[in-house]
Amino acid sequence: MSWWEALILGMVQGLTEFLPVSSSGHLEIGQALLGTAGDENLLFAIVVHTATVLSTICVLWHEIAKLFQGTFTTPKWNAEKEYVAKILVSMIPVFIVGMFFKDEVEAFFGHGLLLVGICLIVTACLLYLSEWLQKRRLTSPHEVTWRDAFIIGCAQAIAVLPGLSRSGTTIATGLLCGVKKESVAQFSFLMVLIPILGEAFLSLLDLLKGEVSTSIGLLPLVVGFVAAFLSGCFACRFMIDIVRRQRLVYFAVYCMLVGVFAIVYGLC
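Novice: In this structure, what is going on with the packing of helix α7 (residues 114-136) against helix α13 (residues 248-267)? I would like to understand it.
Specialist: Packed helices, taken two at a time, are described by the angle between their axes plus the distance between the axes. Between α7 and α13, the shortest axis-to-axis distance is 7 Å and the interhelical angle comes to 165°. Considering the angle they form, α7 stands roughly antiparallel to α13. Note that α7 runs across α13; the crossing there is left-handed. For the pair formed by α7 and α13, the contact residues are L114, G117, I118, L120, I121, T123, A124, C125, L127, Y128, S130 and E131 on the first element and L248, V249, F251, A252, C255, M256, V258, G259, V260, A262, I263 and L267 on the second. Here the residues of the contact of α7 with α13 sort into 19 nonpolar, four polar and one charged.

Structure (C-alpha cells):
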C-alpha cells in the first residue's frame, strides 16, 4: 500500500465512520478498487478506526469531560454515572462477540464484496424504516433507557460485519426504540470508544509479540491515521446535525446504490 492509497482510504474511513454508510464496507470497496487487498488490511483498518475514535473524543470533549467529572468527583449516584453505566451495558454484546467470535468476525473481511453489498442494502432498509416509523410514532421520544442501551448494544455487535454500518445500525435501532434523535446520535458515538480503543491495544500487543504479520510500511499507516482523524472530526459534527434534521433517507438511497454496485462488482 502506497502513501497516497493510504491517504484516500484514510479519508474514506474518516468520512464514513460517523455517516450511516459503513466505513468498513467502504474500506473493503476502496481496497478492492485500488488493488490493495492483502494481509495488511486488518492492521490498517484498526489504525484508521482508532483515529476516528480520537476524533470523536475531540469533537465530543465537552460531553466526555462532563461524564468523567460527574462519575469520579462524587460518590453519589447521579445522571452522569447512570449514563456511563448504560454505555457499559451497551458494550456487553460486542464484548461477547469480541471474546468468543473474534476469528469468525475477522474471516468476513477481505473475501469479496458480495457480503458487503448485501449488508449495505440491509443498512439502507434499516435507515429508511427507522425514519419512516419515527415520523409516524404517536408517543413522544425519550432518553436512552437501560433496555434501549442493551438493544442498541446488540445492534452494534451485529454491525461488526463489513457493509453493515455501525453508526447507521445503532442510530436506526435507537430511533426504532423511540429514543430522541440527538440522544441516540451522541450515545452511538460514545459507546464505541472503549471497544475500538481496546481492540487497537490488543492488536498492538499482538503486533509487538509477532503474532500479527503485516507488509504495510510506517508511512502509509501514519498518513492513513492523520487523514482519518481530520476527516473524522468533520464527519462527526456533520452527522449529529444530520440526525437532528432527520434526513437519513438520503443515506438509505446512497447505501442502496453502493450496495448494488458492490454486489455487481463482486460478481463480475
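Novice: Explanation requested: the nonpolar core in the structure shown.
Specialist: Proteins that are soluble and globular tend to have nonpolar side chains buried together. Among the nonpolar cores identified, the biggest contains 46 residues, and F187, L190, M239 and L248 are the most heavily contacted of them. Listed in part, the twelve residues of the second largest apolar core include L43, V47, V48 and A51.

Novice: Explain unusual backbone geometry here, please?
Specialist: A negative phi angle characterises most non-glycine residues, just as the trans form characterises most peptide bonds. Within the chain, S22 stands out as a residue other than glycine whose phi angle is a positive 75°. For S22, the location among the structural elements is in the loop between α1 (3-17) and α2 (23-34).

Novice: Looking at this structure, how should I read a nonpolar patch on the surface?
Specialist: Side chains of W3, W4, L7, I8, M11, L15, L219, F234 and F238 sit close together on the surface and give an oily, nonpolar patch of about 860 Å² of accessible area. Elements that contribute at least two residues to the nonpolar patch include exactly α1 and α12 (218-245). Counting residues per element, the nonpolar patch draws most heavily on α1, which supplies six residues. If you trace the backbone, W3 turns up in helix α1. For W3, a relative accessible area of 47% gives the class partly exposed.

Novice: So what exactly am I meant to see when it comes to the pattern of salt bridges here?
Specialist: Should the charged atoms of two oppositely charged side chains come close, the side chains can pair. In the structure shown here, the tally under the stated rule is three salt bridges. In this structure, D148 engages R147 in a salt bridge whose closest nitrogen and oxygen atoms are separated by 4.0 Å. Take D148: its relative accessible area is 1%, and that puts it in the buried class. Judged by relative accessible area, which is 57%, R147 ranks as exposed.

Novice: Quick question: what am I supposed to make of the packing of aromatic side chains here?
Specialist: Aromatic ring pairs: the centre-centre distance and the angle between the two ring planes describe each pair. For the structure shown, the criterion picks out three aromatic pairs. Taken together, a centroid distance of 5.6 Å and an interplanar angle of 35° make the contact between F68 and F72 tilted. One end of the pair, F68, and the other, F72, are both in helix α4 (residues 61-72), four residues apart, so they sit about a helical turn from each other. When sorted by exposure, F68 lands in the same class as F72, which is exposed. Between Y83 and F187, the ring centres sit 5.7 Å apart and the planes meet at 80°, which makes this aromatic pair edge-to-face. With a gap of 104 residues between them, Y83 in helix α5 (residues 79-100) and F187 in helix α10 (residues 181-190) connect regions that are remote in the sequence. For Y83, a relative accessible area of 19% gives the class buried. Classification of F187 as buried rests on a relative accessible area of 0%. Over the ring of W146 we find K86, and its NZ or CZ is 5.8 Å from the ring centre.

Calculation notes
Residues numbered from 1 in each chain as written. Predicted model: local features only at pLDDT ≥ 70, side-chain atom pairs only at ≥ 80, totals over all residues. Heavy atoms only, no water. Axes fitted to C-alpha atoms, helices over the stretch in contact; angles between N-to-C directions. Helix = DSSP H or I, 4+ residues; strand = E, 2+ residues; numbered from the N terminus. Parallel < 35°, antiparallel > 145°, perpendicular 65-115°, else oblique. Left-handed = near helix turned anticlockwise from the far one by under 90°. Contact = heavy atoms within 4.5 Å. Nonpolar A, V, L, I, M, F, W, Y, C, P; charged D, E, K, R; others polar. Core = buried A, V, L, I, M, F, W, Y, C linked by side-chain atoms within 4.5 Å. Buried < 20%, exposed > 50% of the residue type's maximum accessible area, 1.4 Å probe, protein only. Patch = residues over 30% accessible without salt bridge, like charges linked within 9 Å, V, L, I, M, F, W, Y side chains within 5 Å. Areas by Shrake-Rupley, 256 points an atom, 1.4 Å probe, with all protein chains shown as cover. Salt bridge = Lys/Arg side-chain N within 4 Å of Asp/Glu carboxyl O. Phe/Tyr/Trp six-rings, centres within 6.5 Å; stacked < 30°, edge-to-face > 60°. Lys NZ or Arg CZ within 6 Å of the ring centre and 35° of its normal.

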